[in-house]
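Here's the letter readout for the chains.
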Amino acid sequence: MAHAGHAAALRGQVPTRAFSRERVTAAAMRIGVVTAALLAFWGLWELYRFVWVETGWTWPFPVNDTTLPHVHTIFKAFADPSRVQGPLLISVLLRAALFTGKEALVGFLMGASLGFFIAVSLVHSRLMQRAFLPYIVASQTIPMLAVAPMVVVWLQAGWLSVAVIAAYLTFFPVAINTLRGLQSADPRAHELLRTYAASRWKVLWHLRVPASLPYLFSALKVSATASVVGAIIGELPSSIEGGLGGAILNFNQYYSLVPANLWATNLIAAALGIAFFLAVVVAEKLIVRRAPEHTA
Amino acid sequence: MRARLRDWIPAIVVFAAGIAAWQLSIEIFNIQKFLLPKPWAIVHACWTQRHELSSAGWLTLKEALGGFAIGSALGIAFATVLARFRRLSDALMPIAIAANAIPIIAFSPIFNAWFDPLSLTPRMATAGVLCFFPVMVNTLRGLTSVKPSQVEVMRSYAAGELAIFRRVRVPTALPFVFSALKVATVLAMIGAIVSDYFGTFGSLGITIKNSVALFDFETAWAAILVASILGVGMYVTVSLVERFTLKWDPTRQERGTA
Amino acid sequence: MSVVSISGMTKTFPKGNVTALQEIDLEVEPGEFVSLIGPSGCGKSTLLRVIGDLIQPTSGTVEVNGKGAHQARLDHDYGIVFQDSVLFDWRTVTKNVALPLEMLGWDRAKRKQRVDEMLRLVELQGFGDHHPWQLSGGMQMRVAIARALAFEPPLLLMDEPFGALDEMTRERLNIELLQIWRRMESTVVFVTHSISEAVFLSTRVVVMSPRPGRIAGIVDIDLAQPRSADTREDPRFFEHVTAVRELLRSVGADDHGSVLAEEIT
């Protein structure tokens, strides 16, 4: 009886082992697609440049070596010193990326923990939700650029203040999404746990939290990015050098002289943001085991 | 309607308590006024600086709204086109999601080089690009998360792609779109204000920056207050439109507030 | 001592002033298999939930295992199976069945032993490491039954568990359920829409009528045990089915006859 069921049962689902052949192949294909897209983007860039320079169009903006340098110019700049007789640009930028990355990581962890804590505190009480959610939402509209210098003075802690700013940007999506996730469980599952006379904490631990994981990771992906952005922005008014924010300000000043430096900085900043994001994606693949979605 | 008003009482209580605590703790802990002025001082600054604040606020609002509108519209448009070509969107989706991870704000100085730094354009561009990716990614997810069985029902009526789009994909996508639009209002505001930092123009970001430089923290906080109100206003507007449009969505009933 | 003893129980929902159940009297003796059947709105699912203390009655008494229903729930005196198997997606089959045992604080070794026993009981040994979505509907339901019986409660409540399954799986699971019932010596209260299923499974069939929910009548099913596929062809089986159907018709006639259109047998 079980065997007859077996054959009918397994609907050809991909096994859930982390490094099965199917998954590795899929990952390889993804990398291929990304590379193809990047090459296509490069091609489009140069093409756009070529057409606009030839025709002299000025909409949406005039194209020349300052506004839209060649891609290879940007890459070449990595190997040049960032200032006269100084270290190579690439080492400057990598060190800055590490500095900013540290701030972002600490901020991310703090913000994610805070957001999770807020969600767990609010889930059991509609009253508390109505009391505090408006402020949690409103908190996001306060431009942290303005708050940043004050935070730096309060904390007197250099890069940690920037981490706080990153945390500020991080906690919100985590709080909101986790709250939603904690409330997302099937009402029948709640009924089932009532038949076990489960306490609120047991329901939280065994039902709500596991149900919320997909939502949590969805928020963490957004937060990963936000924490990097927060770290960069936090550095701007705080006169903290050594990070990517400082590098941006610095190269912005000299943009008309060496535009490629600023573009190169942006590339590194983009890479940092994407790296954080990918880390969360990998963590999600390993931790969250759910039915694959079937969609059209 | 009565229930709705009653819902806000806890929040109002918290607000009042917060203001009182603020006032008290400044006195008790003797926090230097330049860091955290008394609530009344900020309100006072709002009044005395009302001309500058309102003109700067208006500019910021234009920047944010402009960026929000353009970025969201483009995001929705791209998503709509991509949804039609599933293979392409499946391939590009991870790239779009990764692109969302790029700190757009770093591009603000470049926008200043592209467009007239004295105009609203570079700021709208910053705000717009910030909005574009979340809106596009979420709209695309919404348009493609239709259940296969629903599409099959439509096909059994010999419905073409356009009909399927109108009657099935769009309603399915709407909750996703609205949730992305709410995030976009916040992003647009942030983009508008932060992009000010790289410029020399008279909107709220500059007001804040200049006030801080002059140690006039009351005005700085007043400007922050104005920015927050504008941001909340945009968010609430989108929320109201959402509530009106999405009366049928069951997952919304679980949450306490919009 | 009855496993379930209900006396004068009434349940009204304040919203819309609906009387879901009115003056229900019911005794279920140990080892019985009692089905609740009736048209939509007759309150059979509500009655099941009252027994399980998931809904509180407005008046009357409900005793389970000699105690009040509330205490019985706190003492884990029953297991429940819903129509949707309500398995946790993020747990394997083994961990799903182990859930109530974890709640009860059993240690790991005891849990493993009991889960293995239960999986053997429902003939799913070997599927312990699968996830629910990798199993068919019938298999998921068997996991739900294994879970409900994991701590060997005296009473098993089932709310149309086989309603979402195809007929052949249904009939096969009916036989399996009876085997499990005999092996565990449990008492079962079973809600269903299907007359033939009710007659096949039960020792007694309780027919309910709607608006307000009442017990219209009870049919004793004195078919031989153990029941098998042959039982369905016994002429006495048809007599009982007819008896239940007549009762339902007299009740469903008030409901404009829309009630049991789907019943084929």
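Parameters and conventions
Residues numbered from 1 in each chain as written. Chains lettered and ligands numbered in written order. Predicted model: local features only at pLDDT ≥ 70, side-chain atom pairs only at ≥ 80, totals over all residues. Helix = DSSP H or I, 4+ residues; strand = E, 2+ residues; numbered from the N terminus. Buried ≥ 20, exposed ≤ 12 C-beta atoms within 10 Å, placed from the backbone. Contact = placed C-beta atoms within 7 Å. Nonpolar A, V, L, I, M, F, W, Y, C, P; charged D, E, K, R; others polar. Pairing = 2+ DSSP bridges. Core = buried A, V, L, I, M, F, W, Y, C linked by C-beta atoms within 7 Å. Axes fitted to C-alpha atoms, helices over the stretch in contact; angles between N-to-C directions. Parallel < 35°, antiparallel > 145°, perpendicular 65-115°, else oblique. pLDDT = per-residue confidence, 0-100.

This next bit is on the overall build of chain B. What chain B contains, in helices and strands, is 11 helices and zero strands. For chain B, the C-alpha atoms occupy an extent of roughly 70 × 50 × 30 Å along the three principal directions. Counting only residues that meet the buried cut, chain B has 42% of its 258 residues in that class.

All right, on to the overall build of chain A then. Scanning chain A from terminus to terminus reveals 11 helices and zero strands. Its helices and strands taken in sequence order, chain A reads α-α-α-α-α-α-α-α-α-α-α from the N to the C terminus. In chain A, which comprises 296 residues, the share counted as buried stands at 41%. Partitioning the intrachain contacts of chain A with sequence separation of at least 6 by distance along the chain shows that 78% fall at a separation of at least 24.

Contacts between the two partners involve 22 residues from chain A, matched on the other side by 23 residues from chain C. Those elements giving two or more residues to the side of chain A that touches chain C turn out to be helix H1 (2-9), helix H8 (187-195) and helix H9 (200-235) of chain A. Among the elements that take part in the side of chain A that touches chain C, H8(A) stands out by supplying six residues, more than any other. Grouping the constituent residues of the side of chain A that touches chain C by class yields 12 nonpolar, three polar and seven charged.

Another aspect to go through is the pairing of strand E1 (residues 4-13) of chain C. Residues and elements named next belong to chain C. Relative to strand E2 (residues 18-28), E1 runs antiparallel, the two sharing seven bridges. Looking at the pairing, Ser 5 lines up with Glu 27 of E2. Turn length for the E1-E2 hairpin, with the two strands adjacent in sequence and antiparallel, is four residues, and the turn residue Gly 16 shows positive phi of about 75 degrees. Relative to strand E4 (residues 59-64), E1 is paired through five bridges, and the arrangement is antiparallel. Opposite Thr 10, over in E4, you have Ser 59 as the bridge partner.

Below, the discussion takes up the arrangement of the chains. Of all two pairs of chains sharing an interface, the pair with the highest contact count is chains A and B. Regarding chain B and chain C, which are not in contact, the minimum distance between any of their C-alpha atoms is 17 Å.

Further remarks concern the nonpolar core. Most often, soluble globular proteins have nonpolar side chains that are buried together. Counting 137 residues, the largest nonpolar core has A:Ala166, A:Ile232, B:Cys131, B:Ala184, B:Ala188, B:Met189 and B:Ala223 as its most contacted members. Beyond its immediate stretch of four places on either side in the chain, B:Ala184 contacts B:Phe68, B:Gly71, B:Ser72, B:Cys131, B:Pro134 and B:Val135. Grouped together as the second largest cluster of nonpolar side chains are 88 residues, A:Ala198, C:Met9, C:Val50 and C:Phe162 included.

Moving on: the interface of chain B and chain A. Contacts between the two partners involve 50 residues from chain B, matched on the other side by 51 residues from chain A. Contributing elements (two or more residues each) for the side of chain B that touches chain A: helix H2 (9-29), helix H5 (86-99), helix H6 (108-114), helix H8 (148-156), helix H9 (161-196), helix H10 (204-213) and helix H11 (217-245) of chain B. If one sorts the elements of the side of chain B that touches chain A by residue count, H11(B) sits on top with seven residues. When its residues are assigned to classes, the side of chain B that touches chain A shows 38 nonpolar, eight polar and four charged.

Okay, the packing of helix H3 (residues 71-78) of chain A against helix H11 (residues 259-287) of chain A next. Residues and elements named next belong to chain A. Two elements in contact, H3 and H11, have axes separated by 9 Å at closest approach and are oriented at 80 degrees. Judged by the angle between their axes, H3 and H11 are roughly perpendicular. Residues Thr 73, Ile 74, Ala 77 and Phe 78 of H3 form the contact with H11, whose participating residues are Ala 260, Asn 261, Trp 263, Ala 264 and Leu 267. Looking at the contact of H3 with H11 residue by residue, the class counts come to seven nonpolar, two polar and no charged.

Next up on the list: the confidence of the model for chain B. Residue and element names in this part refer to chain B. Predicted confidence across chain B gives a mean pLDDT of 81, with 90% of residues reaching 70 or more. Confidence, expressed as mean pLDDT per element, reaches its minimum in chain B at helix H1 (residues 2-7) with 66 and its maximum at helix H4 (residues 50-84) with 91. Confidence over residues 252-258 falls short of pLDDT 50; this stretch has 15 contacts with residues more than four positions distant or in other chains. For this predicted complex, the interface confidence score (ipTM) comes to 0.78, while the overall pTM stands at 0.77.

Residue and element names in this part refer to chain C. The strand order across the open sheet formed by four strands is E2-E1-E4-E5, and the pairing between neighbours is antiparallel. The strands lining the two open edges of the sheet, one partner per strand, are E2 and strand E5 (67-68). Judged from the two bridges that link them, E4 and E5 form a sheet pairing that is antiparallel. Counterpart to Val 64 in the pairing with E5 is Lys 67.

With that settled, consider the environment of C:Thr242. Note on placement: C:Thr242 falls in helix H8 (residues 235-252). Note: C-alpha distance between C:Thr242 and C:Leu177 (65 residues apart in sequence) is 24 Å.

The next subject is the environment of A:Val164. All names here are of chain A. As for its position among the elements, Val 164 is in helix H7 (residues 159-182). Val 164 sits in the buried class, given 24 other C-beta atoms within 10 Å. Separated by 13 residues in the primary sequence, Val 164 and Val 151 have C-alpha atoms spaced 8.1 Å apart.

This next bit is on the sheet that holds strand E8 (residues 187-192) of chain C. Residues and elements named next belong to chain C. The six strands lie next to each other as E6-E7-E8-E3-E9-E10, forming an open sheet whose pairing is mixed. Looking at strand neighbours, the two that pair on one side only are strand E6 (78-81) and strand E10 (214-220), the edges of this open sheet. When the angles between neighbouring strand axes are averaged without regard to direction, this sheet yields 20 degrees. Each of strand E3 (33-37), strand E7 (155-159), E8 and strand E9 (204-209) touches helix H1 (residues 44-51); the most contacted strand, E8, lies at about 150 degrees to it.

Turning our eyes to something else, we now look at the confidence of the model for chain A. Chain-level statistics for chain A give a pLDDT mean of 82 and a share of 87% at 70 or above. Ignoring residues within four places in sequence, the model shows residues 1-15 of chain A, a span with pLDDT below 50, making 14 contacts including any to other chains.

The next subject is helix H3 (residues 93-103) of chain C. Residues and elements named next belong to chain C. The element H3 is largely enclosed, with a buried count of eight among its 11 residues. Here H3 has its buried residues at Val 93, Thr 94, Asn 96, Val 97, Ala 98, Leu 99, Pro 100 and Leu 101. Buried residues along H3 sit against helix H4 (108-121) and helix H5 (137-148). Just downstream of H3 lies Gly 105, where phi reads positive at about 80 degrees.

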